[in-house]
Amino acid sequence: MKLLVYYFLIILTLNSCNKKNNHFAIVVHGGAGTILKDNMTNEMEKAYKQKLEEALNVGYSILKQNGKSVDAVEATIKILEDSELFNAGKGSVLSNNEEVEMDASIMTGDNLNAGAVSGIKKIKNPITLARKVMEESEHVFLSGSGAEDFAVSKGFKLIDNSNFITNNRLNSLKNIKKRESNTDNKFGTVGCVAIDKNGNITSGTSTGGMTNKKWNRIGDVPIIGAGTYANNQTCGISSTGWGEYFIRNVVAYDISAQIEYNKKSIKNAAKNTLKKVKELGGSGGVIGIDKNLNIIMDFNTEGMYRGYKKSNGDTAIEIYK
Ligand code: GLY
């Protein structure tokens, strides 16, 4: 009898150590801004939706096969970085001197570990470098040529900056220079948040920043707490917006903090934070997942490329308001 009790106690302990709920979810964005149906052809709309779906499906299948949310987020963002459609990686906008300068960050919610890079010019997938900083350096944030030296020390291949320059982005830069406006406030960025079967949340964000940027300008994306935040006890957030305002409002952490300290829902917390961004004069959006698998895709612009997929079959891909 005593042996039987011990046996059940051991089974109970093993079960609670291996607490899986088998539910998972993933959400992506491809940037927010002046995205109007009137300015979009059917072909363009189809191309954006297909790429978002492809990216979502890659992350989803990793989660479905018991993979970790950090792997799902990195793989999903890589698909978007490799596409010319979005302002990140291959599709990055150009700075004033006709170069690409990319920023990225990633954070895991089980251990609050984080990695970020900024001013990257020669790495194909900045999100992978951000993850390397998180997992294989004693630092959180590396920048410029130093970050690329670190990349080389970890076996990354450097590629020439000209590989990132597309005609589309070159034309945008020329148009902005003609208009003599300082910068372009279309907030292209890509991001992903995922929760895996173990309840671990990861968030990641990647961008080329702002067209015509000067002086090594850096936005919110590589700033942990502004562009990216993850905490298993609250939520994961990835931002897209006018970086200066997202930094000043510490957007991603502000949403998590409202859940932690004020017991707000992720939906209301995101609304409050985006309202504060707007009151200061900024705009943009956020995606997120809380620890109970509630998903948000909220924005105060005309549109945001976005989509999600949950293990219960619930899914959507949307662009406009
Ligand atoms: N949110 C992207 C940037 O401002 O650089």
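Structure: above.
None of these values were measured; they are calculated from a predicted model.

Basis of the calculations
Residues numbered from 1 in each chain as written. Predicted model: local features only at pLDDT ≥ 70, side-chain atom pairs only at ≥ 80, totals over all residues. Heavy atoms only, no water. Helix = DSSP H or I, 4+ residues; strand = E, 2+ residues; numbered from the N terminus. Rg over C-alpha atoms; globule rule 2.2 N^0.38 Å. Buried < 20%, exposed > 50% of the residue type's maximum accessible area, 1.4 Å probe, protein only. Contact = heavy atoms within 4.5 Å. Areas by Shrake-Rupley, 256 points an atom, 1.4 Å probe, with all protein chains shown as cover. Lys, Arg positive; Asp, Glu negative; His and termini not counted. Charge placed at Lys NZ, Arg CZ, Asp CG, Glu CD. Near = heavy atom within 4 Å. Polar contact = N/O pair within 3.5 Å; in protein donor to acceptor, adjacent residues only side chain to side chain. Core = buried A, V, L, I, M, F, W, Y, C linked by side-chain atoms within 4.5 Å. Pairing = 2+ DSSP bridges. Axes fitted to C-alpha atoms, helices over the stretch in contact; angles between N-to-C directions. Phe/Tyr/Trp six-rings, centres within 6.5 Å; stacked < 30°, edge-to-face > 60°. Salt bridge = Lys/Arg side-chain N within 4 Å of Asp/Glu carboxyl O.

Visitor: How would you explain the overall build of the protein if you had to name every residue and give the values?
Guide: Within the protein, the regular secondary structure consists of nine helices and twelve strands. Computed over its C-alpha atoms, the radius of gyration of the protein comes to 20 Å, within 12% of the 20 Å expected for a compact globule of 321 residues. Viewed in the frame of its principal axes, the protein has a C-alpha envelope of about 85 × 45 × 35 Å. For the protein, the proportion of its 321 residues judged to be buried stands at 54%. Nonlocal contacts in the protein, meaning residues at least 24 apart in sequence, comprise 68% of its contacts between residues at least 6 apart. With the model as given, the accessible surface of the protein reaches about 14,900 Å², and the carbon-plus-sulfur share is 50%. Within the protein, one finds 41 positive and 34 negative side-chain charges whose respective centroids are separated by 4 Å.

Visitor: Which residues make up the site of the ligand, and what values go with them?
Guide: Near the ligand, the surroundings consist of Thr-189, Gly-209, Arg-217, Gly-219, Asp-220, Val-221, Gly-241 and Gly-243. Between the ligand and Arg-217 there is a distance of 2.8 Å, counted from an oxygen atom to a side-chain nitrogen or oxygen. Contacts to the ligand include Asp-220, whose side-chain N or O atom sits 2.6 Å from a nitrogen atom. If the ligand stood free it would expose 200 Å²; the protein chains cover 97% of that surface.

Visitor: Account for the nonpolar core, naming residues and giving values.
Guide: Counting 46 residues, the largest nonpolar core has Ile-26, Val-117, Leu-129 and Tyr-305 as its most contacted members. If we skip the residues at most four places from it in the chain, Leu-129 touches Val-117, Ile-120, Ile-123, Ala-147, Phe-150, Ala-151 and Phe-156. By size, the runner-up hydrophobic cluster in this structure holds 33 residues, among which are Ala-252, Ala-269, Leu-293 and Tyr-308.

Visitor: Describe in detail the pairing of strand E12 (residues 315-320), supporting the description with residues and values.
Guide: In the sheet, strand E11 (residues 303-310) pairs with E12 via five bridges, with the strands oriented antiparallel. In the sheet register, Arg-306 faces E12, and the bridge partner there is Glu-318.

Visitor: Outline the pairing of E11, listing residues and values.
Guide: Among the eight residues that make up E11, seven are buried, leaving the element largely enclosed by the rest of the structure. Note: strand E1 (residues 25-33) against E11, seven bridges, orientation antiparallel. Note that in E11 the partner of Val-27 across the bridge is Tyr-308. The hairpin formed by E11 and E12 contains four residues between the paired strands, and Gly-313 there has a positive phi angle of roughly 100°.

Visitor: So what about the sheet that holds E11? Which residues, and what values?
Guide: A sheet is described by the order of its strands in space; here eight strands give the open sequence E4-E3-E2-E6-E5-E1-E11-E12, paired in mixed fashion. The open sheet has two edge strands, strand E4 (141-143) and E12, and neither has a second partner. Neighbouring strand axes in the sheet, compared pairwise and without regard to direction, differ in orientation by 5° on average.

Visitor: So, the packing of aromatic side chains: which residues are in play, and what are the values?
Guide: Counted by the stated rule, this structure contains six aromatic pairs. For the ring pair Phe-24 and Tyr-60, a centre distance of 5.0 Å and an interplane angle of 55° mean the geometry is tilted. Remark: Tyr-60 occurs in helix H2 (residues 42-64) and Phe-24 occurs in the loop between helix H1 (2-17) and E1; sequence separation between them is 36 residues. When sorted by exposure, Phe-24 lands in the same class as Tyr-60, which is buried. Between Tyr-48 and Phe-86 the ring centres are 5.5 Å apart and the planes differ by 70°, which places this aromatic pair in the edge-to-face class.

Visitor: Let's hear about the pattern of salt bridges: which residues, and what values?
Guide: This structure, assessed with the given rule, holds 15 salt bridges. A salt bridge links Glu-135 to Arg-131, with the nearest nitrogen and oxygen atoms 3.0 Å apart. On the criterion of helical spacing, the pair formed by Glu-135 and Arg-131 is a turn pair, its members being four residues apart in helix H4 (residues 126-136). The exposure class assigned to Glu-135 is partly exposed, which follows from its relative accessible area of 45%. For Arg-131, a relative accessible area of 11% translates into the label buried. Salt bridges here are not isolated pairs; linked through shared partners, they connect Asp-71, Glu-74, Arg-131 and Glu-135.

Visitor: Run through the sheet that holds strand E10 (residues 295-299), naming residues and quoting values.
Guide: Here we have four strands laid out as an open sheet, ordered E7-E8-E9-E10, and antiparallel in their pairing. Looking at the sheet topology across the chains shown, the edges are occupied by strand E7 (228-230) and E10. Taking the axes of each pair of neighbouring strands and ignoring which way they run, one obtains an average angle of 10° across the sheet. Relative to E10, strand E9 (residues 284-290) runs antiparallel, the two sharing five bridges. Of the residues in E10, the one forming a bridge with Val-286 is Asp-298. Along the sheet face, helix H8 (residues 251-262) touches E7, strand E8 (235-241) and E9 and points at about 145° away from the line of E8.

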